[in-house]
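Inside the fold
Residues per chain, in single letters:
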Amino acid sequence: MPQGADLHIHTYFSDSTSSPQEVVEDALKAELSCIAITDHDIVEGVGPTIEVAKPHGLEVVPGIELSSEFENCDIHILGYFIDFEKGPLLEKINTFLDARVERMKQMILKLKNLGINNIEYEEVAAMTKSRAVGRAHLAQQLQQKGWVPNIKSAFEKYLGPDCPGYAPKYKQTPFEAIELIRQSGGVAVMAHPMLTQKDELIPRFVAAGMKGLEVYYPNCMEMVTQFYERIAQKNGLIMTGGSDAHGKAKSYTYVGKRSVPMDVVEALRQAKP
């Protein structure tokens, strides 16, 4: 019998290679009962995935992964059970997407100034089904055009924060992201704290209305998971988890690689404002 939920999955509407159909097929193969679509700064993948999943009895939680920054650190806030069809979140998404497009054009121009003149915005934009273009798409172009041997080196040489091809992203604080999710009827959860390594901020996020912590994440040592279990328990947070699957764009994970029991989904549902 299907069981468990993968609450962190991306589609090709942001920076994954997987369509809603492929995500659902992967979820069914993994014998999951529930998935959450959490594309970066966009909700266009939610509706199509719900439609594809419906005949199979697979529950799809409407979600999003909002980018934010605090003290020069990227912090991602997941939103679950959001209203993805109307409200303040949709209005803000247009601002996010406009900023993403402008940022991408700036980075491509910086690369041209470095002599990398065979990458055009249209090529990068064609890699996603929306305007949610990001550095991962540009990194793939750099690899495909032979400027770097792999995605990691693209970030290390050109696209990292201190690199010559970098342009700053739209600035939103985690506190603003948490409030935006709350205003949209959703539940805010801090994504992959073990990657962010800003544990001292967690109590402040809780005070701002955050309800959960992504404790269960792929390829983490058990001691790391246990560490974040203790932090979640101390702060009264729902312990969520998921694969952070990006299709072929991330080889180290896949749909269903990390999952949580269905009572976590119910806890998130009950935590809605």
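Residues numbered from 1 in each chain as written. Predicted model: local features only at pLDDT ≥ 70, side-chain atom pairs only at ≥ 80, totals over all residues. Heavy atoms only, no water.

Attention now moves to the pairing of strand E3 (residues 59–70). The side chains of a regular strand alternate, residue by residue, between the two faces of the sheet. The buried fraction of E3 amounts to 11 of the 12 residues, a majority that puts the element mostly inside the structure. The pairing of strand E2 (residues 34–37) with E3 spans four bridges and is parallel. The partner of Ile-37 across the bridge, within E3, is Pro-62. Where E3 lies against strand E4 (residues 73–80), eight bridges are found, and the strand directions are antiparallel. Directly across from Glu-65, in E4, lies its bridge partner Leu-78. What sits between the antiparallel neighbours E3 and E4 is a turn of two residues, in which Glu-71 has the positive phi angle 55°. (Buried < 20%, exposed > 50% of the residue type's maximum accessible area, 1.4 Å probe, protein only. Helix = DSSP H or I, 4+ residues; strand = E, 2+ residues; numbered from the N terminus. Pairing = 2+ DSSP bridges.)

Here we take up the pattern of salt bridges. On inspection of all chains with the given rule, the structure shows 15 salt bridges. For Asp-74, the salt bridge goes to Lys-169, with nearest N and O atoms at 3.9 Å. Linking Asp-74 in strand E4 with Lys-169 in the loop between helix H6 (151–159) and helix H7 (174–183), this pair joins segments that are 95 residues apart in sequence. The exposure class of Asp-74 is partly exposed, given its relative accessible area of 30%. A salt bridge links Asp-83 to Lys-86; the nearest nitrogen and oxygen atoms lie 2.9 Å apart. (Salt bridge = Lys/Arg side-chain N within 4 Å of Asp/Glu carboxyl O.)

Attention now moves to the packing of helix H5 (residues 135–144) against H6. Packing of H5 against H6 brings their axes to within 9 Å, and their N-to-C directions diverge by 105°. The orientation of H5 relative to H6 falls into the category roughly perpendicular. Contacts between H5 and H6 involve Arg-135, Ala-136, Leu-138, Ala-139, Gln-140, Leu-142 and Gln-143 from the former and Ile-151, Ala-154, Phe-155, Tyr-158 and Leu-159 from the latter. Residues that form the contact of H5 with H6 fall into these classes: nine nonpolar, two polar and one charged. (Axes fitted to C-alpha atoms, helices over the stretch in contact; angles between N-to-C directions. Parallel < 35°, antiparallel > 145°, perpendicular 65-115°, else oblique. Contact = heavy atoms within 4.5 Å. Nonpolar A, V, L, I, M, F, W, Y, C, P; charged D, E, K, R; others polar.)

In spatial order, the strands read E1-E2-E3-E4-E5-E6-E7; together these seven strands make up an open sheet with mixed pairing. Each end of this open sheet is capped by a strand with a single partner; those strands are strand E1 (5–9) and strand E7 (238–241). Pairs of neighbouring strands in the sheet enclose a mean axial angle of 35°, with direction left out of account.

For the rest of this paragraph, the subject is the packing of aromatic side chains. If you walk through the whole model with that rule in mind, you get five aromatic pairs. For the ring pair Phe-70 and Phe-175, a centre distance of 5.4 Å and an interplane angle of 85° mean the geometry is edge-to-face. Note that Phe-70 is positioned in strand E3 and Phe-175 in helix H7, a separation of 105 residues in sequence. The interplanar angle of 65° and the centroid separation of 5.4 Å between the aromatic rings of Phe-175 and Phe-205 together place this pair among those described as edge-to-face. With Phe-175 in helix H7 and Phe-205 in helix H9 (residues 202–207), this residue pair connects regions lying 30 residues apart in the sequence. We classify Phe-205 as buried; its relative accessible area is 0%. Counting every residue linked through ring pairs, the aromatic cluster contains Phe-70, Phe-175 and Phe-205. Between the NZ or CZ atom of Lys-105 and the centre of the ring of Tyr-121, over which it lies, the distance is 5.2 Å. For the cation-ring pair, Lys-129 lies above Tyr-12, with the distance from its terminal atom to the ring centre recorded as 5.2 Å. (Phe/Tyr/Trp six-rings, centres within 6.5 Å; stacked < 30°, edge-to-face > 60°. Lys NZ or Arg CZ within 6 Å of the ring centre and 35° of its normal.)

Worth remembering: the numbers are spatial, not functional.
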